[in-house]
Amino acid sequence: MAANISNAVAASFSNVVVNQLEAPTGGQPSLVTIEPIEPAMVPEVPYLPNTRVNLVLGFLVGLALGLGAAILRHVLDTRIHGPQEVQVVTEAPVLGGIGFDPEAKKRPLIVHADPRSSRAESFRALRTNLQFVQLDSGPRVFVVTSSVPGEGKTTTTANLAIALAETGARVAVVDGDLRRPALADYMGLEGAVGLTDVLIGRADLKDVLQKWGRNDLFVLPAGRIPPNPSELLGSAGMAKVIAELGKTFNFVLIDAPPLLPVTDAAVLSKFTTGAIVIVAAGRTKRTELAAALRSFEHIESKVLGVVLTMLPTKGPDSYGYGNYYGGYSDVDTSKPQLKA
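On to helix α5 (residues 118-131), then. When the terminal C-alpha atoms of α5 are compared, their 20 Å separation across 14 residues agrees well with the 20 Å that a helix rising 1.5 Å per residue should span. Along α5, the positions that sit buried rather than exposed are Arg-119, Ala-120, Glu-121, Ser-122, Phe-123, Arg-124, Leu-126, Arg-127 and Leu-130.

Next comes the structure, spelled out in structure tokens:
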């Protein structure tokens, strides 16, 4: 209808102008000629909205907004996701990386429960790297801690101890968390008597050490929770216990509380070879790790390295050995864990 009206208007306009408005006198032909340049055509697509243009503009605007949001998120995200972020905070080496396992709470001792899994191999890789730390003839006594709770320090300590004992070394693992001890539960041991009883003179060290498994792995539970954990851990008695363990065992691992809530780990580090700091990928912030490391700087204790836990197992930031070991596990994980 619109096209017909336009063409009719053009024809009528030509007739009116030529034959009426510009008609010369005397019946002579008009000197004015009017012809349509282009007839009105019915369009195949609507003029508005222009879907193609709108799609292109929408794509470009969406791409710009997406890139802006990604850049903003990257700038504002201060969490540690991998070794690169750790190196920004500290010069301490990354000793190893442990992949995330949603079933970790159900079977924390993965080196024993599923020795051919990718996570078990990660702990063995950590063991290998740790054996190159402190190569002098002194005792290898390490305090294992983290910045905040929930980063996997106790699980890492227990599995690392099992991996070290697999090599034939004599290993002692001590629950130095006198506030929220969990090592005895993880190892399936009785933890009513332990380190606190030794420190107050109620028991001898050799009587509270509990053998775990078939190798030379011994566990010293925390014992009863005292009202003054920091004082006990910083006492001369604790220094004596660590010195005695260092003479008896090839490796001594002390599971200590997180650094930011309390100072227990920093106090313990004065009596040890150095500290191993656990960092949960995607959870720990760079500011938290930096603040935790400053605790060691103030007392001039040595940080031997950082262990990344909860690393993603899929995607571009994935970590692990699943491609090599994932299909070769022949261990029956349904069996109960070995009890000492």
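The element strand β6 (residues 251-255) is extensively covered by neighbouring structure, given that 5 of its 5 residues are classed as buried. Neither face of β6 is open: one carries Phe-251, Leu-253 and Asp-255, the other Val-252 and Ile-254, and all of them are buried. Here strand β2 (residues 140-146) pairs with β6 via 5 bridges, running parallel. For Val-143, the partnering residue across the bridge sits in β6 and is Ile-254.

With respect to the helices and strands, the residue Thr-90 is situated in the loop between α3 (83-89) and β1 (94-99). Looking at Thr-90, the relative accessible area reads 14%, which means it is buried. Looking at Thr-90, its side chain comes within polar contact range of the main-chain nitrogen of Ala-92, at 3.0 Å.

The predicted model of the protein has a mean per-residue pLDDT of 86, with 90% of residues at 70 or higher. Predicted confidence for residues 320-340 stays below pLDDT 50, and this span has 34 contacts to residues more than four positions away or in other chains.

Taking 1.5 Å of rise per residue, 14 residues should cover 20 Å, and helix α6 (residues 153-166) covers 20 Å from first to last C-alpha, within 8% of that figure. Buried residues dominate α6, accounting for 13 of its 14 residues. Positioned one or two residues after α6, Gly-168 has a phi angle of 95°, which is positive.

A separate point is a nonpolar patch on the surface. The grouping of Val-56, Phe-59, Leu-60, Leu-63, Leu-67, Ile-71, Leu-72, Val-75 and Leu-76 at the surface amounts to a nonpolar patch, some 920 Å² of accessible area in total. On the secondary structure map, Leu-72 appears in helix α2 (residues 51-76).

The rules behind each value
Residues numbered from 1 in each chain as written. Predicted model: local features only at pLDDT ≥ 70, side-chain atom pairs only at ≥ 80, totals over all residues. Heavy atoms only, no water. Helix = DSSP H or I, 4+ residues; strand = E, 2+ residues; numbered from the N terminus. Expected span 1.5 Å × (residues − 1). Buried < 20%, exposed > 50% of the residue type's maximum accessible area, 1.4 Å probe, protein only. Pairing = 2+ DSSP bridges. Polar contact = N/O pair within 3.5 Å; in protein donor to acceptor, adjacent residues only side chain to side chain. pLDDT = per-residue confidence, 0-100. Contact = heavy atoms within 4.5 Å. Patch = residues over 30% accessible without salt bridge, like charges linked within 9 Å, V, L, I, M, F, W, Y side chains within 5 Å. Areas by Shrake-Rupley, 256 points an atom, 1.4 Å probe, with all protein chains shown as cover. Salt bridge = Lys/Arg side-chain N within 4 Å of Asp/Glu carboxyl O.

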